[in-house]
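# Structural overview for review
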Amino acid sequence: MRAIEDLIKPNVKALTAYAVEAVQCAIRLDANESPYGFALGAPRLTSNRYPDPEAAALRRALGAKWSVKPQCILHGNGSDELIYYLLTAIGGPVLIPTPTFSMYRIIAESLGEGHIGVPLDGQFDLDMDAMHRAIGKEAPKLIFLSRPNNPTGNSFMFEKVIEIIEKADGLVVVDEAYQPFSPAGESFIELLPRYKNLLLLRTLSKIGLAALRLGFLIGDEALIASINKVRLPYNVNALSQEAALAVLENETQVEACISAVVKERDKLFAQLSGLTGIEAYPSDANFILFKLNTAGGLTAEYLYRKLIEDGILIKKLGGNNGISNPLDNCFRVTVGTKEENAAFITSMKKIIGETCRNEKSEDTQTDIGDRRYHRDKP
Ligand code: PMP
């Protein structure tokens, strides 16, 4: 038999598996989940039958909520699976502004499809000159725009996204995973009838149902029917379909949790912005990007480890191979409950305070504790 290594495709060999942080922490603010969950009663289902392959009841309910026909909605085992289907059915080259959600690139690489990364501008918005150049040169079949963008938290300017949709001769996927947390009405859903090349991605993962793994692709009926051809049969299990329907029936409880997260996000942003050496970036999502100014002697790795010692896990961004990355010294913290956010801020203050004190005693400076760090863009 051939060596197993020789059987693996070269593009798969070159991949690094998507890493989910395995550190056990009491407070997990690393994965953009909702801190609020819903009791999932055991629905009365029999185990011997396959689930509804079409998830018809769920697509009907969501179609009514979003004012689109159920035939315009494709269901996925999380929106990750739908990104996979898009790349399987349409293929590359794929245009991806960077930094953004890493699965667009990882799935393109695992399927051997080409991808082009176009850096965002200094405000983390789309660099239109660079986008136009890339569209003209590479003719991408797919463009992924996460709006609000993970991990930067901002929403690309509405008019810029429209311009891209109008200029592209391929498909534009606006990933609205974090749309529920953005200012009211900030969605592209009403524009679907106007643009045949526009697709939207939605997920239930960020609004308290991450355990169910449910995502949806919305777009032109004929296009959805084509992408549906590569969907695996029974991709969404029966428990998830039933449980989602039960939770969505009570829309006010879902809305209340979203409002609570938005309120806590704005408070957390103000608190983070007030910390010495921290620059927080405004967010339309359920997380906040912030940058540590290391001029005060505190390194990103040290801050990350110290937070873990206090039982708090956040997401450390940036490169780890010595190559400079726009998100070096940056972190993404998910908005938790009031208590979790308070514990995070207390721990941050403690770690920053200790570093300032140590530095003060080591280099005999007297003003270090009060020093405001220089603020610059990552
Ligand atoms: N899109 C974006 C922008 C995300 O941040 C995520 C999750 N981190 C997803 C899609 C995937 O969500 P899920 O597979 O849980 O639906």
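Residues numbered from 1 in each chain as written. Predicted model: local features only at pLDDT ≥ 70, side-chain atom pairs only at ≥ 80, totals over all residues. Heavy atoms only, no water.

### Some remarks on the overall build of the chain
Helix and strand counts for the chain come out as twelve helices and twelve strands. Against the 2.2 N^0.38 benchmark of 21 Å for 378 residues, the chain shows a C-alpha radius of gyration of 22 Å, consistent with a compact globule. Along the first, second and third principal axes, the C-alpha atoms of the chain reach 70 × 55 × 50 Å. Here the chain holds 378 residues, and 50% of them are scored as buried. The contacts in the chain between residues at least 6 apart in sequence include a share of 71% that link residues at least 24 apart. Carbon and sulfur atoms make up 53% of the accessible area of the chain, which totals about 18,100 Å². (Helix = DSSP H or I, 4+ residues; strand = E, 2+ residues; numbered from the N terminus. Rg over C-alpha atoms; globule rule 2.2 N^0.38 Å. Buried < 20%, exposed > 50% of the residue type's maximum accessible area, 1.4 Å probe, protein only. Contact = heavy atoms within 4.5 Å. Areas by Shrake-Rupley, 256 points an atom, 1.4 Å probe, with all protein chains shown as cover.)

### Section: the site of the ligand
In the region of the ligand, 14 residues are neighbours, and D175, Y178, T203, S205 and R213 sit closest. Within the contact set of the ligand, an oxygen atom lies 2.7 Å away from a side-chain nitrogen or oxygen of Y178. Burial of the ligand by the protein amounts to 93% of the accessible area it has alone, namely 400 Å². Looking at side-chain class alone, the shell around the ligand contains four nonpolar, six polar and four charged residues. (Near = heavy atom within 4 Å. Polar contact = N/O pair within 3.5 Å; in protein donor to acceptor, adjacent residues only side chain to side chain. Nonpolar A, V, L, I, M, F, W, Y, C, P; charged D, E, K, R; others polar.)

### Examining the sheet that holds strand β9 (residues 278–281)
Strand order in the open sheet made by the five strands is β1-β11-β12-β10-β9, with mixed pairing throughout. Only two strands of the sheet have a single neighbouring strand rather than two, namely β1 (27–29) and β9. Averaged over all neighbouring strand pairs, the angle between strand axes comes to 30°, with direction disregarded. Note: strand β11 (residues 312–316) against strand β12 (residues 330–334), two bridges, orientation antiparallel. Note on β12: the bridge partner recorded for K315 is R332. Against the sheet, helix α10 (residues 251–273) makes contact with β9, β10 (287–292) and β12, and its axis sits at roughly 155° relative to β9, the strand it touches most. Here helix α11 (residues 300–309) sits on the sheet in contact with β10, β11 and β12, set at roughly 155° to β11. (Pairing = 2+ DSSP bridges. Axes fitted to C-alpha atoms, helices over the stretch in contact; angles between N-to-C directions.)

### Let's talk about the sheet that holds strand β7 (residues 198–203)
In space, the seven strands of this open sheet follow the order β2-β8-β7-β6-β5-β3-β4, with mixed pairing throughout. The open sheet terminates on both sides in strands that have one partner only, identified here as β2 (73–76) and β4 (115–119). Here the strands of the sheet are splayed against their neighbours by 25° on average, with no regard to which way each runs. In terms of strand pairing, strand β3 (residues 94–98) meets β4 through five bridges, oriented parallel. Of the residues in β4, the one forming a bridge with T98 is P119.

### Looking at the packing of aromatic side chains
The full count for this structure, using the stated rule, is nine aromatic pairs. Taking the centre distance of 4.1 Å and the plane angle of 5° together, the rings of Y50 and Y234 count as stacked. With Y50 in the loop between β1 and α3 (56–66) and Y234 in the loop between α8 (221–228) and α9 (238–249), this pair connects stretches of sequence that are 184 residues apart. Y50 sits in the exposed class, given a relative accessible area of 64%. Between F290 and F331, the ring centres sit 5.3 Å apart and the planes meet at 20°, which makes this aromatic pair stacked. (Phe/Tyr/Trp six-rings, centres within 6.5 Å; stacked < 30°, edge-to-face > 60°.)

### Structural notes on the packing of helix α4 (residues 79–89) against helix α5 (residues 103–110)
At a minimum axis distance of 10 Å, the contact between α4 and α5 shows a crossing angle of 45°. On the basis of the axis angle, α4 is oblique to α5. Here α4 and α5 pass one another in a crossing that is right-handed. Facing D80, I83, Y84 and L87 of α4, the residues of α5 in contact are M103, Y104, I107, A108 and S110. Looking at side-chain class alone, the contact of α4 with α5 contains seven nonpolar, one polar and one charged residues. (Parallel < 35°, antiparallel > 145°, perpendicular 65-115°, else oblique. Left-handed = near helix turned anticlockwise from the far one by under 90°.)

### A word on the domain arrangement of the chain
For the chain, the assigned domains read domain 1 (49–249) and domain 2 (253–376). Between the C-alpha centres of domain 1 and domain 2 the distance comes to 30 Å. Counting each side, the surface lost to burial between domain 1 and domain 2 is near 1,500 Å², with a carbon and sulfur contribution of 67%. The largest contributions to the domain 1 side of the interface with domain 2 come from F124, P151 and F181, which together make up 37% of the buried area. Along the contact surface separating domain 1 from domain 2 lie zero salt bridges. Where domain 1 packs against domain 2, one counts six residue pairs in polar contact (both at pLDDT 80 or more). (Domains from an automatic or database assignment. Buried area = accessible area lost by both parts, 1.4 Å probe. Salt bridge = Lys/Arg side-chain N within 4 Å of Asp/Glu carboxyl O.)

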